[in-house]
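Here is how the chains run, residue by residue.
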Amino acid sequence: MSPPRADRLQTLAWTAAGLALVGLFWALGPILAPFVIAAVFAYICDPAVNWMVARRVPRAFAVLLVIIAAGLALVTLALILLPMVYREGVLLVNRLPDLIEMFNAQLSPLLQARLGIDLQLDAAQFRQLVADNWSSAQDILPVLIGHLKTGGAALAGFVVNLVLIPLVMFYLLQEWPRILTELERIVPRPWLARTVRILGDIDSVMSEFLRGQLSVMLLLALFYSLGLWFAGLKFALPVGVLTGLLVFIPYVGFGGGLLLAIMAALLQGEGWPPLIGVAVVYGFGQLLESFLLTPYLVGERIGLHPLAVIFALMAFGQLFGFVGVLVALPVSAALLVGLREVRHAWFASPVYLGSEAPADTKDAPPQ
């Protein structure tokens, strides 16, 4: 068989294998969630494990310590946020009639005078609606618990996933060096150097984005929590932490957090000072994120534009559900490296350069 024909058949085989892998991923999507979650957390926590192993801590013990620390951090975060979010929701329901009356007294006349819009909200009717449904709304937790008791399959699936995630994470972190060695062994020897280089580029992009973005999220959560606390916001901690966590999705984090902060400031009923404080904190926060944290911790060389991030999240979520959202950014980072390789090959190809191109320009892409 001639070399060109063999190369074409090999390319076709690899393409078919890749398509089959994508199809398998799509078919198994409903059961992949705990494995993907564990893989993402394992990838993020691997540097901590390696740091402890380098200091003569047994790898299994290091993995166990890292998983326990991560689990305690997540549980603590949930125990802090959930009660506060619940209390803020209750306060919102109780304060909404007063906010409607304030709107009718202060903002509605301005809309009428400036824009000719006559907008009046019926606060009494809303207050009656809340009074009629408040008792049933307070009973929602027992109803949910009752549904969980009757939905045994769903509850069992949730418990299994909750146990499976740290278990899979443990084995991935424990066996990660051996997995890398085995993957390297199966690569054809002529492709080894290039494959290792491409995988190194993918790892660099993914690690810079995921670990850098995690650092940005934590620092912004701390900044917004402290800033809103200094601004006098009563619910500074949940609003600040939620804003920092939502920063992972461009624009949604800032916009959603600002909306929550404005709502919390209005619920306090203390006039303009909390609102002005919220505006100052979020203004500085946006500058801090855009000009300091993201460029230095995430890195501009990654090349993942915010619009590309939003599109990737929506597209992978539509195709693969929750699992797709989890893998959207890592897969996009890997595809970015692949596109760079394709771009380099295209600019160096005879089709692009032409048969009469000068020899010294054949490997140089256009500026």
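Residues numbered from 1 in each chain as written. Predicted model: local features only at pLDDT ≥ 70, side-chain atom pairs only at ≥ 80, totals over all residues. Heavy atoms only, no water.

Draft legend 1. Seen up close, the overall build of the protein chain. A tally of regular secondary structure across the protein chain gives twelve helices and zero strands. Each helix and strand of the protein chain, ordered N terminal to C terminal, gives the series α-α-α-α-α-α-α-α-α-α-α-α. Out of the 367 residues in the protein chain, the part that is buried amounts to 28%. In the protein chain, the proportion of contacts linking residues at least 24 apart, taken out of those at least 6 apart, comes to 68%. Surface accessibility of the protein chain: about 23500 Å² in total, with carbon and sulfur atoms responsible for 73%. (Helix = DSSP H or I, 4+ residues; strand = E, 2+ residues; numbered from the N terminus. Buried < 20%, exposed > 50% of the residue type's maximum accessible area, 1.4 Å probe, protein only. Contact = heavy atoms within 4.5 Å. Areas by Shrake-Rupley, 256 points an atom, 1.4 Å probe, with all protein chains shown as cover.)

Draft legend 2. Fine view of the nonpolar core. Counting residues in each nonpolar core, the largest one holds 18 residues, and the members touching the most others are M206, F209, V309, L313, F316, A328 and L329. Counting only elements with at least two residues in this core, the list comes to α2 (29-54), α7 (192-230) and α11 (306-347). Ranked by residues supplied to this core, first place goes to α11 with ten residues. The contacts of L329, once residues within four sequence positions are left out, are F209, F248, V309 and L313. With 17 residues, the next largest nonpolar core counts L220, Y224, A236 and V278 among its residues. (Core = buried A, V, L, I, M, F, W, Y, C linked by side-chain atoms within 4.5 Å.)

Draft legend 3. Seen up close, the pattern of salt bridges. Applying the stated criterion across every chain yields a total of six salt bridges. Within this structure, R194, R197, D201 and E341 form a network of salt bridges that share partners. (Salt bridge = Lys/Arg side-chain N within 4 Å of Asp/Glu carboxyl O.)

Draft legend 4. Seen up close, unusual backbone geometry. Although it is not a glycine, R56 adopts a positive phi angle of roughly 70°. Among the secondary structure elements, R56 is positioned in the loop between α2 and α3 (59-115).

Draft legend 5. Broad picture of α7. Over its 39 residues, α7 extends 56 Å from the first C-alpha to the last, a length consistent with the 57 Å expected when each residue adds 1.5 Å. Count one or two residues on from α7 and you reach G232, which has phi positive near 90°. (Expected span 1.5 Å × (residues − 1).)

Draft legend 6. Fine view of the environment of L32. With respect to the helices and strands, the residue L32 is situated in helix α2. The spacing of L32 and G324 is 292 residues in sequence and 9.8 Å in space, taken between C-alpha atoms.

Draft legend 7. Local environment of helix α9 (residues 252-268). In this model, α9 (17 residues) spans 24 Å end to end at C-alpha, consistent with the 24 Å of a helix rising 1.5 Å per residue. Restricting attention to buried positions, one finds in α9 the residues G253, G257, A261, A264, A265, L267 and Q268. Buried residues of α9 fall within an arc of 160° about the axis and therefore sit on the same side. (Arc of directions from axis to C-beta.)

Draft legend 8. Broad picture of the confidence of the model for the protein chain. On average, residues of the protein chain carry a pLDDT of 75, and 72% of them reach 70 or more. Confidence over residues 360-367 falls short of pLDDT 50; this stretch has ten contacts with residues more than four positions distant or in other chains. (pLDDT = per-residue confidence, 0-100.)

Draft legend 9. The packing of aromatic side chains, seen in detail. The tally for this structure, following the rule as stated, stands at five aromatic pairs. Pairing F170 with Y171 gives two aromatic rings, centres 5.7 Å apart and planes at 80°, and the pair type is edge-to-face. (Phe/Tyr/Trp six-rings, centres within 6.5 Å; stacked < 30°, edge-to-face > 60°.)

Draft legend 10. Summary view of the environment of F223. Considering the arrangement of structural elements, one finds F223 in helix α7. As for F223 and G244, which are separated by 21 residues in sequence, their C-alpha atoms are 8.5 Å apart. Excluding its chain neighbours within four sequence positions, the residues that come into contact with F223 are V281, F284, G285 and L288.

Draft legend 11. Structural context of the packing of α7 against helix α8 (residues 236-246). α8 packs onto α7 with a crossing angle of 150° between their chain directions and a minimal axis gap of 7 Å. Accordingly, the angle class assigned to the pair α7 and α8 is roughly antiparallel. Judged by the twist between their axes, the crossing of α7 over α8 is right-handed. Across the interface between the two elements, M217, L220, A221, Y224, S225, L228 and W229 from α7 touch A236, L237, V239, G240, V241, T243, G244 and L245 from α8. Considered class by class, the residues forming the contact of α7 with α8 number eleven nonpolar, four polar and no charged. (Axes fitted to C-alpha atoms, helices over the stretch in contact; angles between N-to-C directions. Parallel < 35°, antiparallel > 145°, perpendicular 65-115°, else oblique. Left-handed = near helix turned anticlockwise from the far one by under 90°. Nonpolar A, V, L, I, M, F, W, Y, C, P; charged D, E, K, R; others polar.)

Draft legend 12. Representation of the side chain of R59 in the model. By the secondary structure assignment, R59 is in helix α3. You can call R59 buried: its relative accessible area is 16%. Contacts of R59, omitting those with residues within four sequence positions, involve D46, V49, N50, V53, L173, Q174, W176 and P177.

Draft legend 13. Representation of the environment of A265 within the structure. For A265, the position within the fold is in helix α9. Exposure remark for A265: the relative accessible area of 2% places this residue in the buried category. Expressed as a C-alpha distance, the spacing of A265 and L275, which sit ten residues apart in the sequence, is 5.8 Å. In this structure, A265 is in contact with L233, P274, L275 and V278, ignoring residues within four places of it in sequence.

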